[in-house]
Amino acid sequence: MSQSHQKTPNVRYLNGYSPQLQQQAQTLLEAEKTAAFFLKKYPEAHSVNGTRPLYDYAMALKNQFMRSSAPISKVIYDDKIHVINNALGLHTYVSRVQGNKLKSKNEIRIASLFRRIPEPLLKMIVVHELAHLREKEHDKAFYKLCCYMEPDYHQLEFDLRLYLCHRDRFGDLW
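As the structure is a prediction and not an experimental result, all values here were calculated from the model.

(A) Spotlight on the overall build of the protein chain. Tallying secondary structure elements over the protein chain gives seven helices and three strands in all. When the helices and strands of the protein chain are read in sequence order from the N terminus, they spell out α-α-α-α-β-β-β-α-α-α. The 174 residues of the protein chain split such that 44% are buried. As displayed, the protein chain offers around 9,900 Å² of accessible surface, 50% of which is attributable to carbon and sulfur atoms.

(B) Seen up close, the state of the cysteines. Counted according to the given criterion, the structure contains zero disulfides. The cysteine C146 is free of any disulfide, with C147 supplying the nearest cysteine sulfur at 6.7 Å. What makes C146 buried here is its relative accessible area of 0%.

(C) Examining the environment of D152 more closely. Its place among the elements puts D152 in the loop between α6 (140–149) and α7 (153–170). Considered as a pair, D152 and P120 are 32 residues apart in the sequence and their alpha carbons are 9.1 Å apart.

(D) Inspection of the packing of aromatic side chains at higher detail. Summed over all chains, the structure comprises eight aromatic pairs. A ring pair is formed by Y17 and F158, whose centres lie 5.1 Å apart and whose planes are at 80 degrees; its orientation type is edge-to-face. Placement of the pair is Y17 in the loop between α1 (3–7) and α2 (19–30) and F158 in helix α7, with a sequence separation of 141 residues. A relative accessible area of 22% means that Y17 is categorised as partly exposed. Take F158: its relative accessible area is 13%, and that puts it in the buried class. Taken together, a centroid distance of 5.0 Å and an interplanar angle of 70 degrees make the contact between F37 and F38 edge-to-face. Clustering of aromatic rings is evident, with ring pairs tying together F37, F38, Y163 and W174.

(E) Representation of the packing of helix α5 (residues 119–131) against α7 in the model. Two elements in contact, α5 and α7, have axes whose closest approach is 9 Å; the angle formed by their N-to-C orientations is 110 degrees. Viewed along their axes, α5 and α7 adopt a mutual orientation that is roughly perpendicular. Crossing of α5 against α7: the hand is left-handed. Contacts from P120, L121, M124, I125, V127 and H128 of α5 reach α7 at Y153, L156, E157, D159 and L160. Grouping the constituent residues of the contact of α5 with α7 by class yields eight nonpolar, one polar and two charged.

(F) Highlighting the packing of α5 against α6. As a packed pair, α5 and α6 sit with axes 9 Å apart at the nearest point and diverge in direction by 135 degrees. Judged on the interaxial angle alone, α6 and α5 are oblique. Helix-helix and strand crossings are classified by hand; for α5 and α6 the assignment is right-handed. Residues K123, V127, H128, L130 and A131 of α5 lie in contact with α6, whose contacting residues are F142, L145, C146 and M149. In the contact of α5 with α6, the residues fall into seven nonpolar, one polar and one charged.

What counts as what
Residues numbered from 1 in each chain as written. Predicted model: local features only at pLDDT ≥ 70, side-chain atom pairs only at ≥ 80, totals over all residues. Heavy atoms only, no water. Helix = DSSP H or I, 4+ residues; strand = E, 2+ residues; numbered from the N terminus. Buried < 20%, exposed > 50% of the residue type's maximum accessible area, 1.4 Å probe, protein only. Areas by Shrake-Rupley, 256 points an atom, 1.4 Å probe, with all protein chains shown as cover. Disulfide = S-S within 2.5 Å. Phe/Tyr/Trp six-rings, centres within 6.5 Å; stacked < 30°, edge-to-face > 60°. Axes fitted to C-alpha atoms, helices over the stretch in contact; angles between N-to-C directions. Parallel < 35°, antiparallel > 145°, perpendicular 65-115°, else oblique. Left-handed = near helix turned anticlockwise from the far one by under 90°. Contact = heavy atoms within 4.5 Å. Nonpolar A, V, L, I, M, F, W, Y, C, P; charged D, E, K, R; others polar.

Shown next as structure tokens:
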């Protein structure tokens, strides 16, 4: 790692945010204050570690906010999702031909590195993927649905993205 890279933290996960916000994040990272910030705001990781608990967690949110939406057949942590591609999770729609019928299934896959993050951040990711059951595009209706399910959605997404910048530079916290 070059000396200049160490002095200037990469804030690539915050590319969609204003230059002022990116600069504030960079200053926080350079001052090595992100760990204290996160541990104070989010003292511990969630306990939704396995496939079944993750499925149950997602289904509880779906049943609370989106009862009439399409069913979900699978919710898993996926080792193959790389956050570098800007995906925190994936909502997939799988169609299969069975006899003369077309069967479809909705699946949610969440990057495995999120097994050890605080529950509010996990909730934000699950809410995001659940919103794709109704809204395919990241448009106004999509974010309105996310905020309906999690009023702090935008702050949590920013915090998660800042944490990913922290993690790239300093490693895991939880």
